[in-house]
Structures are given as C-alpha cells and as structure tokens.
Protein chains: 2
Amino acid sequence: MNFITTKDDLLHSVNIVQKAVSNKTTLPILEGILFKVMDNTIYLMGTDLEIGIKTELPGKINSQGSVVISAKLISELVRKLPDDDVFLELNENYILNIKCLNSEFNIQGQNGNEFPQLPEVHSDKEISINKELFKSMIKETIFSVAKNENIPILTGELIEINDGIIKFVALDGYRLALRQGKINDNIELSEVVPERTLSELYRIASLSTLDSVQISHTKNQILFRLGQTHIVSRLLEGEFMNYNQIIPQNSTTKVKVNVAELLSSCERASLMVRDGKSNLIKMNFINNILEIKSNSEMGTVNEQIDVEIEGESIKIAFNSTYFIDVLKIISDEEILLEFTTSVSPCVIKPNQGSNYTYLILPVRYIDH
Amino acid sequence: MNFITTKDDLLHSVNIVQKAVSNKTTLPILEGILFKVMDNTIYLMGTDLEIGIKTELPGKINSQGSVVISAKLISELVRKLPDDDVFLELNENYILNIKCLNSEFNIQGQNGNEFPQLPEVHSDKEISINKELFKSMIKETIFSVAKNENIPILTGELIEINDGIIKFVALDGYRLALRQGKINDNIELSEVVPERTLSELYRIASLSTLDSVQISHTKNQILFRLGQTHIVSRLLEGEFMNYNQIIPQNSTTKVKVNVAELLSSCERASLMVRDGKSNLIKMNFINNILEIKSNSEMGTVNEQIDVEIEGESIKIAFNSTYFIDVLKIISDEEILLEFTTSVSPCVIKPNQGSNYTYLILPVRYIDH
C-alpha cells in the first residue's frame, strides 16, 4: 500500500470514521482504523460491530494493500502534522511509514485482512432526505430516548415514513418527542435505529458539505449515505410502542406562551429543587397568568409569566428537567401547551403547523 | 439589610468572591458568600481560610445587616436572573428575599456574624504593578510550581523585588521558571505565595477593567488589591531554594530555534511516548540541524528542524512534557537554548533581552 494525500483530506476522513471506533472493546483490532487501497480507491473504515463507518480518501495511489492503525494515535498524529502533502507507505510487518515535510513516522499496525467487513446493504429503495431537516429531526427528538436499557427497543428512535411524511419518535416512559417533515420519495419504512447511531450521524452530517442524506435498509441493517461516506448500523428488534395511542387528541385548556420566558422561569424555579430526585415545579394557569413555584429546604421561588389561556384554569406539577429539555431545543418564539387534567400529559405543539409534538407526564401536585 | 443593585453588578461581584469559596470544606459556613451592608457600603466576601476575597457591590442602600448565602446557589441564580434591577432584603431567620421583575426568591441563609473576618493587612509600603505584566508573570511561571507537597515551600512561587526589578520564580526539582519585569517602586520583597492564590489572582485580574494591581504584606499575609477588590492570602513559611545557584552561567552550545517549529516537533515526537512514564524524546544538535527522535512499541518518530548552532554538537534527552509546557507559553518567535553537557540542565532564554529564564533537567540519553 502506497499513496499520497494531504493533511486536510486525511484529517477529515479520520475524523469521520473514528466516530465508529469504540474505546471499550474486547477485540483490540477494533481500536484501529482500517486503511485500504483497492480498485483505485483509498478507503478508511472504523467499526464497533454495531455501527460501521466507511469513507473514501482522495489521493494519488501508487500501490494496493491494507493495514489497521490505532485510531487514537493516528487521529492525534494527523492533527499535529504540518499543512502539506502526506506520503503513506506500508512496509514489512505491518509498519506504516508516514512522511510529511521534515517529519517521519513508522507506526506498528495490524493485518488489514483481520478487520471485520462492513455488512452489505443492497436495497432498490433509497430514500433521500434534506441534510438540515435530517439533523433537526435528530436534535429535536434524541434527548427523549430512554437512558436505561430496561426496555431495549426504547434505547432507539422510530423512523417512520408514510405518504411522503417522515417521522422521528423517541419516548422513555415519562415523555415523548415526535418530529416530522416532508420527503419526496413514495416509500414506506418503520424501523428503530439505536441512539448512538443517530448521535454519530448528527456529528458526521455536521462535518459534511453535502445537501442530502440517502437512507436504505435490509431486514437487520440500515445504511445512511452522505456522498462517499457510508454509515451502516444494526436495527433494534421488536415492536415500538404505538405512540399515536399515547398522544391525547383533545384538551380542556390551551395556553399560548413565549418559549424564552417559560424556559428562563423553569430554569430559575428548578434551581432550588435540582438536587432533589423529582425536580418538582408547580404550575398554576389562571387569569392569563402562569405562576411557577418550587420549594425545598434551601428556599422558595415564585415566577409569573403573562400567557394566553383558552379554556379552564389548571394546577399541574412537572419534573422541571423534562420541560427544560424540550424548551431548549424549540426554535419557535411561541408554543401551545395543551392540558386536560392535572394527572394527564401536557402536549407541547407549535403555535402554527405540526412539525413537532412533545408530551410530558405530570407528577402529583400537592398544595402547600 | 436592604439594598437595590443590578443583575450585572451582582453577577460580577459574585463571580469574583466565589473564587475564594472552597467546595471541600468541613465548615459549612465557608460554602457561602457573606453579604454585608455597613458604613454605606455593600460588601461581598468569600474565604476558605487560606485565601479571602472581598469586593464592593455598587447599589442603593436602604438598611444595614449581613447574611451568608450558599455560593453555588446564589451564583447560578444570579446568572439566570433577567437583566434588570435586583432588590435584596434580609428577613427573619436569615431568609434573604430577592426580587427581579416577575421573579421572587426566598433563600435560607446563615448568620453573617458567624462568618470569619478577613485578616487585616496594614502596611505602609504598597507596590503598584501593571496588571498585564502581573498576569504574564503568573501565566509564564505557574506551570513549574511543584504539584506534589513533599517540599511544601515549592507549592508556591517566590515573588522577589529588588532594585526596581520584580521576579516570579517557580521550580519543582525538574525545571525552573523565572519571569522578571520592571516596577517603579523602590522597595524590597521576598515572599512565597501559594499556587492557588496566584491562579485565582490571574482569573480575577482578567475580569477587572483596571490597569494595575497593588501589593502589600505583613509577616504572614499578603494583600493584592484591584480597585475595590481585596485578595488576602497566607504566605508559605520557610526558605525558598536559592535559585540563582541552580542557573548555569556559562554554556558550550548555544542554539537559536523557531519556537513554533520546535513546539510542533516536540508534540509530534511525544505522541509515541506519551503513555510512558518518562515521555522521553532525544535531541541531536549537529551541523545546524536539530534531529528529534522518539520510539516505543507503538512506533518511531523522526523530526528535523533547521537551527543555528554556535559551539559544540550535543546529544541530549528530555521529558517532552517539560519542553512543551515552556514552548506553549512563550510568545517570542525565536529563543536561545543553552547547553553544557548532556547531563546538565538546558537553559531557555529570549533571543533578545532577559525577560525570562527557563531551566529543564535532561534525562539520561541511551543511544539505540
């Protein structure tokens, strides 16, 4: 293996595939990145066997071959190289020689043939989605994925496509996040993708200059493609919760509220209760005023916000964290809160349109 | 106690005094900030009994009094307040009422009279030093302070004033950092200030808009004053090492080298040996070339830099960390390295002037 590339191209490719490399692996070869020259193409690849990332590296090829190099070492090394051409040559005993200006490295690598292959995902149906929409859909739902693994299917997000509408759904038993958008492909899909895959996809999409992401899948694997970068992930098995049944269709109280004001008030109210387990804040919607209260042995907080209430007054209590998580990622100026009773979930919707639906379960309200 | 101030002024003052508050204290009252109104002045104060910081808060005073409030809670709370006037009033049972627009807090405080007093530092001799010089002197020496407490006096820096020259000296047995500058006061001083005091001073000086720092001291305490902010610290007892004896006065090899090139090469060379204990890199100065080598089971690095050598060729090895620490904070483009033998310290000096002197002990060079 012998090729010439540049520091910038090498750094970009290493940064992408490194996201699939696991730090906690029992297979030492998986701590490495595969460098492989074949069919006039330079490939880099990393995998932890759950997610695999392959990308192409531009460069001038002199000869074929492959080697696995420690991801940690190569990423730090490339970052510190001078900004110039980089010459890579594989020598005997899997030693990779790297030259760049007056720097020369000989790195002990491992046999490239021992690196696991990426599963092939061949599918006729490839879905194309705008990259910025794709990133928003991940960012605005991923915080609601279940953190513990009691119900494994909830450690991923449902990606559902139907009638030209794509939906990302995450729920953890206390809250639900649903984000939807339009796509042009007339295709059906309903698969559950692990949280880690989505968070790495978000980072890789942020590094890419391309406009769209292509998605295809087989029974057990899903492939996301950004130009010459392929991200293959296993799918979670099992039935996702029927989320439509959980979202209340009617309400007795509708409240229009400014997002920034509500977020600031929730954050201040949560200061006193943050060390507690419940993070309990109490909301009282009455006479176009929202009063938020919290108290602990540290002290009390009392907040008031002007809101527009339609329907009945209501007193209801929440874990402030769940409210703050949602309010932080909403970019709209105003939202609608919908309630039925003080023991039913609060639905958070856009004031206009239907891009997102968030649902938060209340906690028991005890009046002091 | 009753006064009105603004969110910005309150935040600034809390940020300053909070730097003296310890998180690991056995005296719960020291986790708090003292708010005290006396003699038409609002004071804030924090201390961990080693360092104490007092500052004045601008505001309109209605009545006197004092209370101690959790530093963690008040700093987070003030940061999240709306940008407006803040009304503070002390009520019964040391409960502090804070109002700002539509937010109201009642915080459980503690009796202000139980808070320790700052030691008084009365001295006729007050030294004035330019703030930027003061900051540079800290930044460019503090990394050489001893990390372990085997020799307690080395956990601080010597501040020495003589003949209008101020010197900061730090040394840890493997290296020495000396930075000097001019001051106008004709005064003598030789005191050892704890590392923590200097690092907090650096941060407080960075927050200040003032141009100079005033220094005065008694037998056991030193006072740094930035306008209305007073930082009092204990001094370290004992005799500081006679650093002049350690610095070689002659050399047999003088090398002029570009700082950025040497830093990059040292960083790359240290990649292979970083996990090792010694971080050993080998330097070979010959024929106006500096060759840097390192090797481990991970691989080898070979770096070459053009330099100007005056005197004898020399082979010498170092812990790369010590070289990198120094090179990172030098703002000059070029420096001089001076050597005598491969077991004698390397002296690092400016190419022109005498603002700083660094000294690094070599490690044993074994040729492979």
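Chain A is annotated in an unreviewed UniProt entry as Beta sliding clamp from Alkalibaculum sporogenes. Looking at chain A in UniProt, the text filed under Subcellular location (unreviewed entry) is "Cytoplasm". UniProt, in the comment section headed Subunit (unreviewed entry), describes chain A in these words: "Forms a ring-shaped head-to-tail homodimer around DNA."

Over its 13 residues, helix α4 (residues 195–207) of chain B extends 19 Å from the first C-alpha to the last, a length consistent with the 18 Å expected when each residue adds 1.5 Å. Of the residues making up α4(B), those classed as buried are B:Thr197, B:Leu198, B:Ser199, B:Glu200, B:Leu201, B:Ile204 and B:Ala205.

Here we have nine strands laid out as an open sheet, ordered β24(A)-β20(A)-β21(A)-β22(A)-β9(B)-β8(B)-β7(B)-β1(B)-β5(B), and antiparallel in their pairing. In this open sheet, the two edge strands, each paired with only one partner strand, are β24 (314–319) of chain A together with β5 (60–63) of chain B. Each adjacent strand pair in this sheet contributes to an overall mean axis angle of 15°, direction not counted. The sheet strands contacting helix α6 (residues 259–270) of chain A are β20 (280–286), β21 (289–296) and β22 (299–306) of chain A together with β9 (103–108) of chain B, and the helix crosses β22(A) at an angle near 170°. Of the strands in this sheet, β1 (2–6) and β7 (85–91) of chain B are in contact with helix α1 (residues 7–17) of chain B, which crosses β1(B) at around 95°.

Now for the state of the cysteines. Enumeration according to the criterion identifies zero disulfides over all chains in this entry. Cysteine A:Cys266 is unpaired, with the sulfur of A:Cys346 as its nearest cysteine sulfur at 10 Å.

Time to look at the layout of surface pockets. Residue and element names in this part refer to chain A. Space inside the largest pocket adds up to approximately 560 Å³. In terms of lining residues, the largest pocket is bounded by 27 residues, among which Met 45, Lys 54, Gln 117, Leu 118 and Glu 120 are the most central. Every element with two or more residues in the lining of the largest pocket is listed here: β2 (32–38), β3 (41–47), β4 (51–57), β17 (221–226) and β18 (229–234). Of the residues assigned to the lining of the largest pocket, the class counts are twelve nonpolar, eight polar and seven charged. Residue contributions to the lining of the largest pocket reach at least three from each of two domains, namely domain 1 (2–114) and domain 2 (127–244).

Quick look at the UniProt feature "domain: DNA polymerase III beta sliding clamp N-terminal" (unreviewed entry) in chain A now. Within this numbering scheme, the UniProt entry marks residues 1–119 of chain A as carrying the feature "domain: DNA polymerase III beta sliding clamp N-terminal" (unreviewed entry). Span residues 1–119 of chain A is 18% helix and 48% strand, its end C-alpha atoms 24 Å apart.

The transformation that overlays chain A on chain B combines an axial shift of 0.0 Å with a rotation of 180°, and the residual RMSD is 0.0 Å. The operation mapping one copy onto its partner corresponds to a two-fold rotation axis. Both copies contact each other with a shared surface, as 100% of the interface residues of chain A are interface residues in chain B too.

Here the focus is the pairing of β7(B). Residues and elements named next belong to chain B. Here β7 shows a clear split, with Val 86, Leu 88 and Leu 90 buried on one side and none of Asp 85, Phe 87, Glu 89 and Asn 91 buried on the other. Pairing of β7 with strand β8 (residues 95–100) involves five bridges; the strand directions are antiparallel. Bridged to Phe 87 within β8 is Lys 99. Counted along the chain from β7 to the antiparallel partner β8, the turn is three residues long, and its residue Asn 93 has a positive phi close to 60°.

Residues and elements named next belong to chain A. The assigned domain composition of chain A is domain 1 (2–114), domain 2 (127–244) and domain 3 (248–360). Inter-centroid distance (C-alpha atoms) of domain 1 to domain 2 is 29 Å. Counting each side, the surface lost to burial between domain 1 and domain 2 is near 1200 Å², with a carbon and sulfur contribution of 53%. Three residues stand out in domain 1 for area buried against domain 2, namely Lys 19, Glu 50 and Ile 51, and they jointly supply 45% of the buried area on that side. Taken together, the links from domain 1 to domain 2 amount to two salt bridges. Of the charged contacts in the structure, one is a salt bridge between Arg 234 and Glu 50, with a shortest N-O distance of 2.9 Å. Counting across the interface, domain 1 meets domain 2 through six residue pairs in polar contact (both at pLDDT 80 or more). Elements that contribute at least two residues to the side of domain 1 that touches domain 2 include exactly α1 (7–17) and β4. In terms of residue count, the dominant contributor to the side of domain 1 that touches domain 2 is β4 (six residues). Considered class by class, the residues forming the side of domain 1 that touches domain 2 number five nonpolar, four polar and five charged.

A few words on the interface of chain A and chain B. Contacts between the two partners involve 28 residues from chain A, matched on the other side by 28 residues from chain B. Carbon and sulfur atoms supply 50% of the area buried between chain A and chain B, which totals about 2500 Å² over both sides. Applying the counting rule to chain A against chain B returns two salt bridges. With a closest N to O distance of 3.9 Å, B:Glu267 and A:Lys80 form a salt bridge. Applying the counting criterion to the chain A and chain B interface returns 14 residue pairs in polar contact (both at pLDDT 80 or more). For the side of chain A that touches chain B, the secondary structure elements donating two or more residues are α2 (71–80), β9 (103–108), α6 and β22 of chain A. Class assignment for the residues of the side of chain A that touches chain B results in ten nonpolar, eight polar and ten charged. When β22(A) meets β9(B), the two strands line up antiparallel, connected through five bridges.

Bringing α2(A) into the picture now. Each full turn of the α-helix corresponds to 3.6 residues, which orients residues three or four apart in the same direction. By the criterion of burial, α2(A) is predominantly enclosed, with seven of the ten residues buried. Listing the buried residues of α2(A) in full gives A:Ala71, A:Leu73, A:Ile74, A:Ser75, A:Glu76, A:Leu77 and A:Val78.

Right, let's talk about the sheet that holds strand β26 (residues 346–350) of chain B for a bit. All names here are of chain B. Within the open sheet, the nine strands sit side by side as β15-β12-β13-β14-β27-β26-β25-β19-β23. Their pairing is antiparallel. For this open sheet the edge positions go to β15 (189–194) and β23 (308–311), each flanked by a neighbour on one side alone. Across the sheet, the mean angle from the axis of one strand to that of its neighbour is 20°, orientation sign disregarded. Along the sheet face, helix α3 (residues 131–139) touches β12 (156–162), β13 (165–171) and β14 (175–182) and points at about 170° away from the line of β14.

This next bit is on the environment of B:Tyr358. Residue and element names in this part refer to chain B. With respect to the helices and strands, Tyr 358 occurs in strand β27 (residues 356–360). By relative accessible area, which is 1% here, Tyr 358 ends up buried. Note: C-alpha distance between Tyr 358 and Cys 346 (twelve residues apart in sequence) is 8.1 Å. Polar side-chain contacts of Tyr 358 include one of 2.6 Å to the backbone oxygen of Glu 140.

Residue and element names in this part refer to chain A. For the coordinates displayed, the defined rule picks out 15 aromatic pairs over all chains. Taking the centre distance of 4.8 Å and the plane angle of 65° together, the rings of Phe 318 and Phe 323 count as edge-to-face. Residue Phe 323 is classed as buried on the basis of its relative accessible area of 0%. Ring centres 5.5 Å apart and planes at 35° place the aromatic pair Tyr 356 and Tyr 358 in the tilted group. A residue is classified by how much of its surface remains accessible, and Tyr 356, at 6% relative accessible area, is buried. The structure contains a cluster of three or more aromatic residues connected by ring pairs, namely Phe 285, Phe 318, Phe 323 and Phe 339. Looking at Lys 135, its charged tip hangs above the ring of Tyr 202, at a distance of 5.5 Å from the centre.

What counts and how
- Residues numbered from 1 in each chain as written.
- Chains lettered and ligands numbered in written order.
- Predicted model: local features only at pLDDT ≥ 70, side-chain atom pairs only at ≥ 80, totals over all residues.
- Heavy atoms only, no water.
- UniProt positions renumbered as here; feature names shortened; annotations may be inferred.
- Helix = DSSP H or I, 4+ residues; strand = E, 2+ residues; numbered from the N terminus.
- Expected span 1.5 Å × (residues − 1).
- Buried < 20%, exposed > 50% of the residue type's maximum accessible area, 1.4 Å probe, protein only.
- Pairing = 2+ DSSP bridges.
- Axes fitted to C-alpha atoms, helices over the stretch in contact; angles between N-to-C directions.
- Contact = heavy atoms within 4.5 Å.
- Disulfide = S-S within 2.5 Å.
- 1 Å grid on protein atoms, 1.4 Å probe; cavity = no way out; pocket = protein on both sides within 12 Å on 5 of 7 lines; lining within 4 Å.
- Points joined across faces, edges and corners; volume = space filled by probe spheres on them.
- Nonpolar A, V, L, I, M, F, W, Y, C, P; charged D, E, K, R; others polar.
- Domains from an automatic or database assignment.
- Least-squares fit on C-alpha atoms with pLDDT ≥ 70 in both.
- Buried area = accessible area lost by both parts, 1.4 Å probe.
- Salt bridge = Lys/Arg side-chain N within 4 Å of Asp/Glu carboxyl O.
- Polar contact = N/O pair within 3.5 Å; in protein donor to acceptor, adjacent residues only side chain to side chain.
- Phe/Tyr/Trp six-rings, centres within 6.5 Å; stacked < 30°, edge-to-face > 60°.
- Lys NZ or Arg CZ within 6 Å of the ring centre and 35° of its normal.

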